[in-house]
Structures are given as C-alpha cells and as structure tokens.
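One letter stands for each residue in the lines below.
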Amino acid sequence: MDRRRSVEEGHMGGLRTMTARPGGACVATAPTGREIVIPPGGCTGWHFHRVRLDAVVLAGTLTRVLHDRSVEVHTAGTTFVEPAGIGHIHLGHNLGTEPVVLYVTPALPAGTPFAIPAPAPAGATQAACRSHKPSYLSADPVEAP
C-alpha cells in the first residue's frame, strides 16, 4: 500500500480516498461531484454522458430505461454506473411520490454540458418521458458542497 494515498470502503459502499499529509496524518476526502434532484413525475429525457458517472441514490426511487430498452430500478442507498458514450443512451424516471436525489461523480468544468440530449434508441419512443428538458441537463448545474 502506498503510504501517501489509500482507498477504503466508505458510506453506502462508496470509496473514499485517504490522502497522507506531512507528518503521516491521513485526511478523508469525498469525491467531487454534484447533486441532482428529479421531482416526482420527472424524467431526464434520452441522453448520454461524455465521461463515466458513478451515482449514489440518496433518496427516492429512480427507474432507468437503457439503450437496449431494459429497465433498472434503483432505490435509496443503492449505486450504479453510467458508462460514457453515445452507445449508452438512457433516461431516468421518477415514478414515485418523493424527489429522487442522486449524487454523481465526476464534476465537469464550468460550461461543460452534464449530459448530451439524444434521440430515442431504435424501438424506444421519445414519448416515454413526455417532452420537457430538465434544468440539470444544461451547463453549470449547481454543484453539491
């Protein structure tokens, strides 16, 4: 194990980095990311990401429809990965009665779109989400502290 940096399991199975400071003390640091809130009945629309995203569902239940039309349901306390690239188009629904709160990494530089809107994959319909653009798909969403 490198004495300057180690990784250990943290809250809800996530990983946290321990960085050595002068004198041998280690300080836990949380990964940089952003919080996303999807209101009840909300939907992300079909989109993809330029970089891999690791997500933790902090509250609510997120239903995702993937590029192959498979469905994944993620409840509070679970994690999932969204691979990068146009081959991984997906959408997220909040079919519940409480907001879905996600924490995702990594954060992107200011002005970089968080997600890139995309047409529905073959065999899926755009109507799956009703037509609306959630605010967090735009550039510069609010970063979580």
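Residues numbered from 1 in each chain as written. Predicted model: local features only at pLDDT ≥ 70, side-chain atom pairs only at ≥ 80, totals over all residues. Heavy atoms only, no water.

Trainee: Would you take a moment to explain the overall build of the protein for this structure?
Mentor: Along the protein, the regular secondary structure elements total 0 helices and 12 strands. Mapped in sequence order, the helices and strands of the protein form the string β-β-β-β-β-β-β-β-β-β-β-β. With 145 residues in all, the protein has 37% of them scored as buried. Sequence separation of 24 or more characterises 68% of the internal contacts of the protein that already satisfy a separation of 6 or more. Of the accessible surface of the protein, which amounts to about 8,400 Å², a share of 59% is contributed by carbon and sulfur atoms. (Helix = DSSP H or I, 4+ residues; strand = E, 2+ residues; numbered from the N terminus. Buried < 20%, exposed > 50% of the residue type's maximum accessible area, 1.4 Å probe, protein only. Contact = heavy atoms within 4.5 Å. Areas by Shrake-Rupley, 256 points an atom, 1.4 Å probe, with all protein chains shown as cover.)

Trainee: For this particular structure, what's the right way to read the pattern of salt bridges?
Mentor: Note on pairing: side chains with opposite charge can pair once their charged atoms come close. Using the criterion set out here, one finds 3 salt bridges in the structure. When the shortest N-O distance is used, the salt bridge between glutamate 72 and arginine 64 registers 2.7 Å. Taking the shortest distance from any N to any O, the salt bridge between glutamate 82 and arginine 64 comes out at 3.1 Å. Here glutamate 82, found in strand β9 (residues 79-82), pairs with arginine 64, found in strand β7 (residues 61-66); they are 18 residues apart in sequence, far enough to count as distant. When sorted by exposure, glutamate 82 lands in the same class as arginine 64, which is buried. (Salt bridge = Lys/Arg side-chain N within 4 Å of Asp/Glu carboxyl O.)

Trainee: Could you clarify how one ought to interpret the pairing of strand β4 (residues 34-38) in this entry?
Mentor: As a general feature of sheets, a regular strand has side chains that alternate between the two faces. Residues Arg34, Ile36 and Ile38 point to one face of β4 and are all buried, whereas Glu35 and Val37, pointing to the other face, are not buried. With 5 bridges connecting them, β4 and strand β11 (residues 100-105) associate as antiparallel partners. Bridged to valine 37 within β11 is valine 101. (Pairing = 2+ DSSP bridges.)

Trainee: Explanation requested: the environment of alanine 59 in the structure shown.
Mentor: Note on placement: alanine 59 falls in strand β6 (residues 53-59). On the basis of relative accessible area, alanine 59 is assigned to the partly exposed category, the value being 22%. Put simply, alanine 59 and tyrosine 103 are 44 residues apart on the chain and 9.9 Å apart in space, counted from C-alpha to C-alpha. Beyond its immediate sequence surroundings of up to four residues, alanine 59 is in contact with Ala76, Glu98, Pro99, Val100 and Val101.

Trainee: Hey, could you run me through the sheet that holds β6 in this one?
Mentor: Across a sheet, strands are paired by hydrogen bonds formed along the backbone, either parallel or antiparallel in direction. Spatially, the 4 strands line up as an open sheet ordered β4-β11-β6-β9, and their pairing is antiparallel. With one partner strand each, in any of the chains shown, β4 and β9 form the two edges of the open sheet. Each neighbouring strand pair of the sheet contributes to a mean axis angle of 30°, computed without reference to strand direction. Judged from the 4 bridges that link them, β6 and β9 form a sheet pairing that is antiparallel. Bridge pairing links leucine 53 to glutamate 82 in β9. (Axes fitted to C-alpha atoms, helices over the stretch in contact; angles between N-to-C directions.)

Trainee: Explain the side chain of threonine 44 to me, please; I cannot follow it from the model alone.
Mentor: Among the structural elements, threonine 44 can be located in the loop between β4 and β5 (47-48). There is a polar contact of 2.8 Å between the side chain of threonine 44 and the backbone nitrogen of glycine 92. (Polar contact = N/O pair within 3.5 Å; in protein donor to acceptor, adjacent residues only side chain to side chain.)

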